[in-house]
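# Descriptive analysis of the structure
What follows is the residue order along each chain.
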Amino acid sequence: MNPNSSEATTRAMVAIAARVLPEVEGWTAPAGPPLLTDPAVLAQAGDLVAAAEVPQSIAAVIVSAFGDPGQAALAARLAVPVVGIGGAAARAAARGGRRFAVVTHTPALVESIDALMRQAAPGEGWLGTFLAEGDPAVLGADPPRLDAALLAAIHHATAAGAEVVIIGGGPLGEAAERLRDLSPCPLVSPIYEAAQEVLAKLCR
């Protein structure tokens, strides 16, 4: 479930999840902006996710925005697993007691990211969020510029002690894949980790 309104982003998200899961279907928010950049729009997206009609044939749901908007409310409604990519990424990054950070390009969401990371992965490993410099919309429209800004932030996070870095944002899923071989430390792809978590739940 893509909580923003970009169909192209949904297709990219589905392609990442489909590396792990069979028969992945995409859902795109019927309203709202193509990029969630502040707490108000994140909350609005959460309302859309929470109220979404999910077919009975669906075996599990991935909420594919990094703040996990609407995940808890949707999980309370459904009898199937509902996994948010932010929580899944935090759990994967913190595995083994590793020190981890988030790199993203949405400065207005730093506080909500911090709260989610602390909730999903309690402990001493969380180092904080490191921001790519630039306007999120401008960066999102220019993949080479986006990659360069994210990579610079990854280097800053690594210098601060991060052993692993989460690329924080559903629309940044493709960037995480592009940067994997360039990064000075392992990168966590939130969509991929959420798909792995869903697979584990379904195989129990």
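Notes on the structure in this doc start here. (Residues numbered from 1 in each chain as written. Predicted model: local features only at pLDDT ≥ 70, side-chain atom pairs only at ≥ 80, totals over all residues. Heavy atoms only, no water.)

### Quick look at the overall build of the protein
A tally of regular secondary structure across the protein gives nine helices and six strands. For the protein, the C-alpha atoms occupy an extent of roughly 45 × 35 × 30 Å along the three principal directions. For the protein, with 204 residues in total, the buried portion stands at 50%. Residue pairs in contact within the protein that sit at least 24 positions apart in sequence constitute 66% of those at least 6 positions apart. For the protein, the exposed surface amounts to about 9500 Å²; the carbon and sulfur share of it is 54%. One finds the centroid of the 13 positive side-chain charges in the protein at a distance of 7 Å from the centroid of its 20 negative side-chain charges. (Helix = DSSP H or I, 4+ residues; strand = E, 2+ residues; numbered from the N terminus. Buried < 20%, exposed > 50% of the residue type's maximum accessible area, 1.4 Å probe, protein only. Contact = heavy atoms within 4.5 Å. Areas by Shrake-Rupley, 256 points an atom, 1.4 Å probe, with all protein chains shown as cover. Lys, Arg positive; Asp, Glu negative; His and termini not counted. Charge placed at Lys NZ, Arg CZ, Asp CG, Glu CD.)

### Let's talk about the environment of P186
With respect to the helices and strands, the residue P186 is situated in the loop between α8 (173-179) and β6 (187-188). Once the C-alpha coordinates of P186 and V20 are considered, the two residues, 166 residues apart in sequence, prove to be 19 Å apart. What P186 contacts, discounting residues up to four positions off in sequence, is E163, V164 and V165.

### A closer look at the packing of helix α4 (residues 85-94) against helix α5 (residues 110-120)
α5 packs onto α4 with a crossing angle of 55° between their chain directions and a minimal axis gap of 9 Å. Taken together, α4 and α5 sit at an angle that is classed as oblique. For the element pair α4 and α5, the recorded crossing hand is right-handed. Only L116, M117 and A120 of α5 make contact with α4, whose side of the interface consists of G86, G87, A90 and R91. Residues of the contact of α4 with α5, tallied by class, amount to four nonpolar, two polar and one charged. (Axes fitted to C-alpha atoms, helices over the stretch in contact; angles between N-to-C directions. Parallel < 35°, antiparallel > 145°, perpendicular 65-115°, else oblique. Left-handed = near helix turned anticlockwise from the far one by under 90°. Nonpolar A, V, L, I, M, F, W, Y, C, P; charged D, E, K, R; others polar.)

### Digging into helix α1 (residues 7-17)
Along α1, the positions that sit buried rather than exposed are T9, T10, A12, M13, I16 and A17. Down the axis of α1, the buried set is contained in an arc of 165°. They therefore lie on one face. (Arc of directions from axis to C-beta.)

### Some words on the pattern of salt bridges
In total, this model carries six salt bridges according to the counting rule given. One salt bridge in this structure joins R19 and E177, with 3.1 Å as the shortest N-O distance. Here E177 lies in helix α8 and R19 lies in the loop between α1 and α2 (39-51), a separation of 158 residues in the sequence. In the salt-bridge network here, residues are joined through shared partners; they are R19, E177 and R180. (Salt bridge = Lys/Arg side-chain N within 4 Å of Asp/Glu carboxyl O.)

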